[in-house]
Amino acid sequence: MEKDARPNWDSPMQFVLACVSYAVGLGNVWRFPYLCQMHGGGGFLIPYFIMLLVEGVPLFYMELAIGQKMRLGSIGAWTAISPYLGGVGLASVVTSLYLCLYYNIINAWSFWYLFHSFQSVLPWAVCPINANRTAPIEECERASPTQYFFYRETLNISSTIEENGGIHTGQALCFLLTWVITYLCVVRGVQSTGKVVYFTATFPYVVLFIYLIRGFTLHGAVNGVKYMFTPKMNQLANPTTWINAATQIFFSLGLGFGSLIAFSSYNQYNNNFERQAITVSLINSGTSIFASIVTFAIYGFKATINYENCLERTRILLLNTFNLAEDTINMDNVFEWIEKLNATYAEQFNEIANDTGNCDLEKELATAVEGPGLAFIVYSEAITNMPLSQLWSVLYFVMLLLLGVGSMLGNITAIITPLQDFKAASLFLAGLVCLFCLLLGLGFTTTSGNYWFTIFNDYGATFSLLFIVLIEVITVSYIYGIKRFEKDIEDMLGHRPNWYWKIMWVAISPLLLIVLFVFYIVNYIMGGTPTYQAWDKEEGKSVLTEYPVFGQVFIALLLVSSVSCVPLTALYVFCRKRKHGKAHKQQHALNAVSA
């Protein structure tokens, strides 16, 4: 296929929506609010927006420019710049493959929860009855209904990664469904993806807006929002705050996977990607803040309910212990009575001291949760306390599904597009990639699957993406040449990039990436033996556990496998050129002798 015959997006709007659908994902909903909570509420927005300006937007711009100029996927684009750099594109494809293997299991969980939402009582609202029909199941009583439903009903999780079990049939069917949907969305390339993104990029905002209105009507929601926007400026002196802000920007925009290069390769040659890069970056960050307001409203509601339940338990304990009249103590004067009774009946009060005075709204609000724990446990628990909980459950999990599917479209395109550049048939290739990921991904539906999911989520992309994007920006600035890159942009846009972009590409962004890269390596080495959260059904809670030797070896392989594509490809090209060079000299010598 000639470059001119390459399919294009129907309109620039389709491209923007595809980028928004890809960039705005589950991380905006379950990681950004967690980082705000961990690093000083509103104060975290200061390093976040600084990192957006010096790292996020310039690198996003750079990847769009490369894809649109070369009109190839990641492997072809970097090979065109230099044959020795084809490994950069290959590393992006391998990293995207790792992401695709496990990302759809999150969508499978969303389907599982969605299907279980159509019940008169949500199954994670109450503990199920044991086999004897005499009491609730003990594991559920030790934990909570929401934790039990996630760990036992959804995952049927084993006690450690070393305990293997069979495939969870329900999860496997949901997983199959997610891959069928993914295939149907990408089967016709940008023709089908371009239509799907109109829905996957817009409907989550409708749900978020509905949740925003509902959230602010919930009891105690204002406590959560106030907590978010109350800055703790001392966190700005914490280096980890800045590192996490940079990392969040980096991964939220989806840099280094090759998806942005693939998407922009289907643009018209003179498309204004500069404006689109700024637009998508701002939409992505705005969505993170918008989702955080919704999340903190839910946090406030849940924290207030927990706080008031704690006060009520304390009130009843005091009434029963000291034989007080029912109306003596109320929710507003519990702490006054604790002080009064402690001073008057010190000896008697000491017997119940451990069960009183632990009610703290600030502490409830500061309990930080991220990832699946936030999406499938904290949110689910909050939903059970809402009127018409089934409706809110359906809306919430449909939103999670659309966010997940939208991101998957970008992830799978990052694999398919570079392979299509090698003249592979689109229908056959899309089906083959989806089937391959489905079969390998079934391992995540086993009893130990969640532990393997954690390994891939923690180690499958982080290190390799930092390395890939660092090589990308150094290549563009110093190997391909910033002057040459400027001319390419002028050829496409009609003007050269201004001083801001050039300073970021040449100096600030590479330095920042080097700092992040070194920080990650030092943190990994100093962190000791890698650990994971194993579910202890006897205790009804997660327990920090060290990975066994095979788990540590697998982590090392994950970290090295994608990164090694860069030097190995360069070495292969070098050896091949050297071999061809020798063959050419020998042929030249033979021709000379013959002559």
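Residues numbered from 1 in each chain as written. Predicted model: local features only at pLDDT ≥ 70, side-chain atom pairs only at ≥ 80, totals over all residues. Heavy atoms only, no water.

**Describing the overall build of the protein**
Convention followed: A run of DSSP states H or I qualifies as a helix once it reaches four residues; a run of E qualifies as a strand once it reaches two. Both are numbered from the N-terminal end. Restricting the calculation to C-alpha atoms gives the radius of gyration, and the globule rule supplies 2.2 Å times the number of residues raised to the power 0.38. Accessibility here uses a 1.4 Å probe with only protein chains present; expressed as a share of the type maximum, an area under 20% marks a residue as buried, one over 50% as exposed, and anything in between as partly exposed. Per-residue accessibility takes into account occlusion by the displayed protein chains alone, with areas from the Shrake-Rupley method and a 1.4 Å probe. Residues scored as charged are limited to Lys and Arg (positive) and Asp and Glu (negative), so that His and the chain ends carry no count. Each charge is placed at NZ for Lys, CZ for Arg, CG for Asp and CD for Glu.
Assigned secondary structure in the protein consists of 27 helices and two strands. For the protein, whose C-alpha radius of gyration is 27 Å, the value lies close to the compact-globule estimate of 25 Å for 595 residues. By principal-axis analysis of the C-alpha atoms, the protein measures approximately 115 × 55 × 45 Å. Within the protein, the proportion of its 595 residues that are buried is 55%. Accessible surface, the protein as shown: approximately 25,700 Å² in total, 63% of it carbon and sulfur. Treating the 33 positive side-chain charges of the protein as one cloud and the 38 negative ones as another, the clouds have centres 19 Å apart.

**So, the UniProt feature "binding site: Na(+)" (unreviewed entry) in the protein**
Convention followed: UniProt positions are given in the numbering used here, feature names are shortened, and annotations may be inferred rather than shown by experiment. Should any heavy atoms of two residues lie within 4.5 Å, those residues are counted as being in contact.
Feature annotation in UniProt assigns "binding site: Na(+)" (unreviewed entry) to the following positions: Ala23, Val24, Asn28, Ser252, Asn284, Leu403 and Ser407. The greatest C-alpha distance among the residues just named is 12.5 Å, despite their covering 385 residues of sequence, which places them together in space. Tracing the backbone through its elements, the reader meets alanine 23 in helix 1 (residues 12–23). The buried category is assigned to alanine 23, whose relative accessible area is 5%. In this structure alanine 23 touches Asn28, Ser252, Leu253 and Asn284, once residues within four positions along its chain are discounted. Setting aside chain neighbours within four positions, we find serine 407 in contact with Ser21, Tyr22, Val24, Gly25 and Tyr103.

**What about the packing of helix 9 (residues 169–186) against helix 20 (residues 389–420)?**
Cut-off, in case you're wondering: Lines are fitted to the C-alpha atoms to define the axes, a helix being fitted only along its stretch in contact, and any angle between axes, read from their N-to-C directions, falls within 0 to 180 degrees. The crossing is said to be left-handed when, going from far helix to near helix, the turn is anticlockwise and less than a right angle, and right-handed when the turn is clockwise.
Where helix 9 contacts helix 20, the axes come no closer than 10 Å and their chain directions differ by 65°. Handedness of the crossing formed by helix 9 with helix 20: right-handed. Residues Trp179, Thr182, Cys185 and Val186 of helix 9 touch helix 20, and the partners they reach there are Met408, Leu409, Ile412 and Ile416.

**Topic: unusual backbone geometry**
Negative phi is the rule for most residues except glycine; trans is the rule for most peptide bonds. Despite not being glycine, arginine 71 has its phi angle at roughly 55°, a positive value. Of note, the phi angle at leucine 388 is positive, near 55°, even though the residue is not glycine. By the element assignment, leucine 388 lies in the loop between helix 19 (371–384) and helix 20. Owing to a relative accessible area of 62%, leucine 388 belongs among the exposed residues under this scheme.

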